[in-house]
Each structure stands twice: as structure tokens, then as C-alpha cells.
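# A look at the structure
What follows is each chain in one-letter form.
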Amino acid sequence: PPAPVRAPVDAPPEAPARPAKAPKARRAGPPKISEDDLQISCFEWIELMRPSHPILEWIIHVPNGGKRPRGAAGKLKAMGVKPGVLDILLPLPYNGWSGLAIELKVGSNKTTEQQDDWLEVLQASGYYTAVCYTLEAFMDHVSRFLSAAAQAPSADVAIRQAAYLTARRSRAQD
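On a predicted model such as this, the values are computed, not experimentally measured, just so you know.

### Topic: the sheet that holds strand β2 (residues 88-90)
Strand order in the open sheet formed by four strands is β1-β2-β3-β4, and the pairing between neighbours is mixed. At either margin of the open sheet sits one strand with a lone partner, and together these are β1 (60-61) and β4 (127-132). For β1 and β2, the ladder comprises two bridges, and the chain directions are antiparallel. Following the sheet pairing, Ile-60 is matched in β2 by Leu-89. Along the sheet face, helix α3 (residues 113-124) touches β2, β3 (99-104) and β4 and points at about 150° away from the line of β4. Its contacts with the sheet place helix α4 (residues 135-147) against β2, β3 and β4, and it is angled at close to 170° to β4.

Here it is as C-alpha cells:
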């Protein structure tokens, strides 16, 4: 019989075969979309709706955020750009509302403190306000704005606005 073959002493023993790894499951859910892409989709839908809702002629995007070249932020501030202004505004009264103001967000992004201030003040002023993460949510909110009459604002709107802003400014100074 042939002599057994010995492995050299310094060679590691053969590792047992590993079971094959299962492929990682992809997260279910909608594909990732940028805020710019969401914005474009929203305005494509607005264009489709405009013939039956002429008020939508006056809805605008406020190009307040985004990346800017160096030095542009100072120039924009000097020109009157304010932090937190919402993405989409319709600054005309309609159906009992003072106007429409929508902030668009994607993924897990949250509104900033300044955006919360704008949402609060505009809502207190009789605007229909919303934060939308999807095209479907945007379409739903705009449709509600176009079809649902606003509740009559209470007489103390100015008092609530002033109280909110005073509290907000005192918190900022602390």
C-alpha cells in the first residue's frame, strides 16, 4: 500500500466548506427620489390640473435651499432670502383659505425649526399648510385645498401669531 502523504507542519489545516450565504434581501419600499425630482413631478401634475383649476396658474416654487456657489448665500441674504421659507406657495386666497404653502421632504428628512415657524405662522394666518414626502401626498393635499372650504379663522389669529413669534424669539435668545 502507498505511504500516507503528510501535509507540511506549517500549512494550516483545510477549513471545512462554508455554507453559501443567502443573498441580502433588498429593502422593500419605493425607490429613492431626490427632492428636486419630487418637485418636478409635483409641478408636472400641477400643469395637468391647471386647465380645470385656473388658480394653479399662480402656484410657485421658492428656490430657497440647495447647494450654492461660495459667496452666493451672502448675496441671497442681502437680496432678502429668508431661511425656512417653504418650497411651494400659492399666495392667493381660495375657497376660504388665505393661500397654500407646502414643504417637500424626501426620505427621513425633517423640517427645520425655521420651516416649522413658517408652517405655524402661515397656518395661523389661514393658509392650508402641509409637509409632503411623496407625489401622492402632494396631490392629496392640493386636491383638499382645491375642494374643501376652510374653517373660519378665529378672531385671535393676530394674537396667536404674535404670541408664537414672541415665544420663539425668547427661546432663541436663551
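### Some words on the packing of helix α1 (residues 35-49) against α4
With their axes 10 Å apart at the nearest point, α1 and α4 run at an angle of 40° to one another. Accordingly, the angle class assigned to the pair α1 and α4 is oblique. In this structure, α1 meets α4 at a crossing whose hand is right-handed. Facing α1, whose interface residues are Leu-38, Ser-41, Cys-42, Trp-45 and Ile-46, α4 presents Leu-135, Phe-138, Met-139, Val-142 and Ser-143.

### Observations regarding the side chain of Gln-39
With respect to the secondary-structure elements, Gln-39 resides in helix α1. Since its relative accessible area comes to 10%, Gln-39 is described here as buried. Once you skip the residues sitting within four places of it in the chain, Gln-39 turns out to touch His-61, Asp-87, Ile-88 and Leu-104.

### Re α3
With twelve residues, α3 should cover 16 Å at 1.5 Å per step; its first-to-last C-alpha distance of 16 Å lies within 8% of that length. Considered for burial, the residues of α3 that qualify are Gln-115, Asp-117, Leu-119, Leu-122 and Ala-124. A positive backbone phi angle near 95° is found at Gly-126, which sits one or two residues after α3.

### Quick notes on the confidence of the model for the chain
With 73% of its residues at a pLDDT of 70 or more, the chain shows a mean pLDDT of 81. Mean pLDDT per element in the chain: helix α5 (residues 157-173) is the minimum at 70, and β2 is the maximum at 97. Scored below 50 in pLDDT, residues 4-12 makes zero contacts in the model with residues more than four places away or belonging to other chains.

Calculation rules
Residues numbered from 1 in each chain as written. Predicted model: local features only at pLDDT ≥ 70, side-chain atom pairs only at ≥ 80, totals over all residues. Heavy atoms only, no water. Pairing = 2+ DSSP bridges. Helix = DSSP H or I, 4+ residues; strand = E, 2+ residues; numbered from the N terminus. Contact = heavy atoms within 4.5 Å. Axes fitted to C-alpha atoms, helices over the stretch in contact; angles between N-to-C directions. Parallel < 35°, antiparallel > 145°, perpendicular 65-115°, else oblique. Left-handed = near helix turned anticlockwise from the far one by under 90°. Buried < 20%, exposed > 50% of the residue type's maximum accessible area, 1.4 Å probe, protein only. Expected span 1.5 Å × (residues − 1). pLDDT = per-residue confidence, 0-100.

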